[in-house]
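Below, each chain spelled out in residue letters.
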Amino acid sequence: MSPSDPGSPLVPPLVPAAVHSFPDLDALDLAYTSTPPGYFYARDGHPNAVELAAKLNALHGATWGAVTASGMAAISAAVLPRVRAGDRLVASDKLYGKTNVLFRELGRFGVRTEFVDVCDPTAVAACLGREPAAVLFVETLSNPNCRVCDLPSVAAAAHRAGATVIVDNAYASPVLFKPLDFGADVVMESLTKIIGGHSDVTLGYLGGRDAAFGATAVAAVSTFGLNASPFDCWLTLRSLETLDLRVDFAADNATEVADWLATRPEVSRVVYPGRPDHPDAALAATLLPRGCGHMLCFELPGGRAAVNRFLRAAPGIPLAPSFGHTSTTCSHPVTASHRYESDEAKARQGITPGLVRLSVGCEPLDRITSELEHGLRATG
């Protein structure tokens, strides 16, 4: 603001500067040592990332947070400071495929990962009680089959065992679920998904309430080069203004679409935690009272060939290997999100060649069901 321009911008300015200059060494020292630190090199922080992290912290009730270059970067920044050679990491046996790849990679550095059914709190407690574990890693809603983690129960077991609880909340977003309020030590989000919402950014976020953990995580973002670009942060700040509207509208649509798909003879199975036939329906009603989100799956008994026929007949629901766009998209877990999982692992999770993952958008409901109908009629 200046005397000639007493107003202030309604939209936050984009600050693309990679470096900031200083008049002398004293000013540079002050940038490094002040609380919060100043800006000097974008890998260590820039105005757009700091503003975005602050807004996400407020949504999650976090006292610290960092924005990263992707959701996987956020997982890395959360996990790497907590493990060292000889440690054990306990993880859900129903995770996004690339997360599994990361955890297997940690084996090269002497970190052993053990997978457990987080839908069974007794099994989780037994696993954590057998021997020390540094981390318990879970998803609020599993990708792709929307299994609901009983986070209060498993977090309590983890804390009794001295483990840090890290939760991937990408399917739910802070609109529907705030893991820090249910026992998580760290929450991470793939901002690429519904928080960004327009398929034009690649970002992640992690946050928590333990200042010491936050300091190590923020340092990891800089050390490992996991920092986010100013432009992507600036775009995501735009998206936050409509986040509640988009999440609620898409979740309402998903509920209707799931029920509609369940009536279709071409569909052999519908997976949505808001439906009474989902194995975690009761838990979902307790933990997710505002809604069960915009993600669901349906299965075509004709396998891969039927999925191809569906895709070719329903171009209005594009095949896209992500989720959370403003309009409806679909994906095929066998060939995309879980492509590098073993056949045994896919079978255990119910990920079949005929399974389609649907990210329901904010279009008028009849437009979605009309396009789905075109695709389903072609699958026979």
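Just so it is clear, the structure is predicted and the values come from calculations on it, not from any experiment. (Residues numbered from 1 in each chain as written. Predicted model: local features only at pLDDT ≥ 70, side-chain atom pairs only at ≥ 80, totals over all residues. Heavy atoms only, no water.)

Caption draft 1: Quick look at the overall build of the protein chain. Helix and strand counts for the protein chain come out as 14 helices and 11 strands. Its C-alpha atoms give the protein chain a radius of gyration of 22 Å, near enough to 21 Å, the size a compact globule of 380 residues would have. Its C-alpha atoms give the protein chain principal-axis dimensions of about 75 × 60 × 35 Å. Counting across all 380 residues of the protein chain, residues that qualify as buried make up 52%. For the protein chain, the exposed area adds up to about 16,300 Å²; of that, 57% sits on carbon and sulfur atoms. (Helix = DSSP H or I, 4+ residues; strand = E, 2+ residues; numbered from the N terminus. Rg over C-alpha atoms; globule rule 2.2 N^0.38 Å. Buried < 20%, exposed > 50% of the residue type's maximum accessible area, 1.4 Å probe, protein only. Areas by Shrake-Rupley, 256 points an atom, 1.4 Å probe, with all protein chains shown as cover.)

Caption draft 2: Focus on helix α12 (residues 303-313). Those residues of α12 that sit buried are Gly303, Ala306, Val307, Phe310 and Leu311. Viewed end-on, α12 has its buried residues packed into an arc of 140°, placing them on one side of the element. Set apart from the buried face of α12 by more than 90 degrees, the exposed residues are Arg304 and Arg312. In this structure, the buried side of α12 is in contact with β9 (295-299), β10 (329-331), β11 (355-359) and α14 (365-377). (Arc of directions from axis to C-beta. Contact = heavy atoms within 4.5 Å.)

Caption draft 3: Structural view of the environment of Gly214. Turning to its location among the elements, Gly214 is positioned in helix α8 (residues 211-223). C-alpha separation for the pair Gly214 and Glu373, spaced 159 residues apart in sequence, amounts to 48 Å.

Caption draft 4: Quick peek at the sheet that holds strand β4 (residues 135-139). Strands sit in the order β1-β7-β6-β5-β4-β2-β3 across an open sheet of 7 strands; the sheet is mixed. Bordering the open sheet on either side are β1 (64-68) and β3 (112-116), each of which pairs with just one other strand. Here the average twist between neighbouring strands, direction ignored, is 20°. Of the pairings in the sheet, the one linking β4 to strand β5 (residues 164-168) comprises 5 bridges and is parallel in character. Within the sheet, the bridge partner assigned to Phe137 lies in β5 and is Ile166. (Pairing = 2+ DSSP bridges. Axes fitted to C-alpha atoms, helices over the stretch in contact; angles between N-to-C directions.)

Caption draft 5: Summary view of the packing of helix α3 (residues 71-79) against helix α4 (residues 97-105). Following both chains from N to C, one finds α3 and α4 inclined at 35°, their axes separated by 11 Å at the closest point. Where α3 crosses over α4, the handedness of that crossing is right-handed. Residues Met72, Ile75, Ser76 and Val79 of α3 pack against Lys98, Thr99, Leu102 and Phe103 of α4. Taken together, the residues of the contact of α3 with α4 sort by class into 5 nonpolar, 2 polar and 1 charged. (Left-handed = near helix turned anticlockwise from the far one by under 90°. Nonpolar A, V, L, I, M, F, W, Y, C, P; charged D, E, K, R; others polar.)

Caption draft 6: Seen up close, the packing of aromatic side chains. Summed over the entire model, instances satisfying the criterion amount to 7 aromatic pairs. Ring centres of Phe298 and Phe310 lie 5.6 Å apart, and the angle between their planes is 70°; on these two criteria the pair is classed as edge-to-face. You can see Phe298 sitting in strand β9 and its partner Phe310 sitting in helix α12, a full 12 residues away along the chain. This pair shows no difference in class: Phe298 is buried, exactly as Phe310 is. Directly above the ring of Phe323 sits Lys193, whose terminal nitrogen or CZ lies 5.2 Å from the centroid. (Phe/Tyr/Trp six-rings, centres within 6.5 Å; stacked < 30°, edge-to-face > 60°. Lys NZ or Arg CZ within 6 Å of the ring centre and 35° of its normal.)

Caption draft 7: Spotlight on the side chain of Glu139. Along the chain, Glu139 turns up in strand β4. Lacking a salt bridge, the buried Glu139 has Arg357 as its closest oppositely charged neighbour, with an N-O distance of 8.8 Å. Among the polar contacts made by the side chain of Glu139, one reaches the main-chain amide nitrogen of Asn143 at a distance of 2.9 Å. Those residues in contact with Glu139 that sit more than four places away from it in its chain are Lys94, Leu95, Tyr96, Cys149 and Asp168. (Lys, Arg positive; Asp, Glu negative; His and termini not counted. Salt bridge = Lys/Arg side-chain N within 4 Å of Asp/Glu carboxyl O. Polar contact = N/O pair within 3.5 Å; in protein donor to acceptor, adjacent residues only side chain to side chain.)

Caption draft 8: Spatial organisation of the sheet that holds strand β8 (residues 269-271). With antiparallel pairing, 4 strands are arranged side by side in an open sheet as β8-β9-β11-β10. Strand pairing shows two members of the sheet lacking a second neighbour, β8 and β10, which therefore form its edges. Across this sheet, the average inter-strand angle for adjacent strands is 25°, counted without regard to direction. Pairing analysis gives 3 bridges linking β10 to β11, with the strands arranged antiparallel.

Caption draft 9: Inspection of the state of the cysteines at higher detail. Scanning all chains against the criterion turns up 0 disulfides. Between Cys362, a free cysteine, and Cys146, which holds the nearest cysteine sulfur, the sulfur-to-sulfur gap is 17 Å. (Disulfide = S-S within 2.5 Å.)

Caption draft 10: Region of the structure containing helix α2 (residues 47-60). The end-to-end C-alpha separation of α2 is 20 Å, in line with the 20 Å expected for 14 residues at 1.5 Å each. Those residues of α2 that fall on the buried side of the exposure criterion are Asn48, Ala49, Leu52, Ala53, Leu56, Asn57 and His60. For α2, the buried positions fall inside an angular range of 165° around the axis, keeping them on one side. Looking at the packing, one finds that the buried side of α2 touches β1, α7 (173-176), β6 (186-190), β7 (204-208) and α9 (230-240). Looking at the residues trailing α2, positive phi occurs at Gly61, about 70°. (Expected span 1.5 Å × (residues − 1).)

Caption draft 11: Geometry of the layout of surface pockets. The volume enclosed by the largest pocket comes to roughly 760 Å³. Lining the largest pocket are 31 residues, with Pro37, Asp44, Val50, Gly65 and Val218 sitting closest to its centre. Secondary-structure elements contributing two or more residues to the lining of the largest pocket are α2, β1 and α8. In this structure, the second largest pocket spans a volume of roughly 480 Å³. Contributing to the lining of the second largest pocket are 30 residues, with Met72, Tyr96, Lys98, Asn143 and Lys193 lying nearest its centre. The set of elements that each furnish at least two residues to the lining of the second largest pocket consists of α3, α4 and β6. Here the lining of the second largest pocket takes 4 residues from α4, the largest share from any one element. (1 Å grid on protein atoms, 1.4 Å probe; cavity = no way out; pocket = protein on both sides within 12 Å on 5 of 7 lines; lining within 4 Å. Points joined across faces, edges and corners; volume = space filled by probe spheres on them.)

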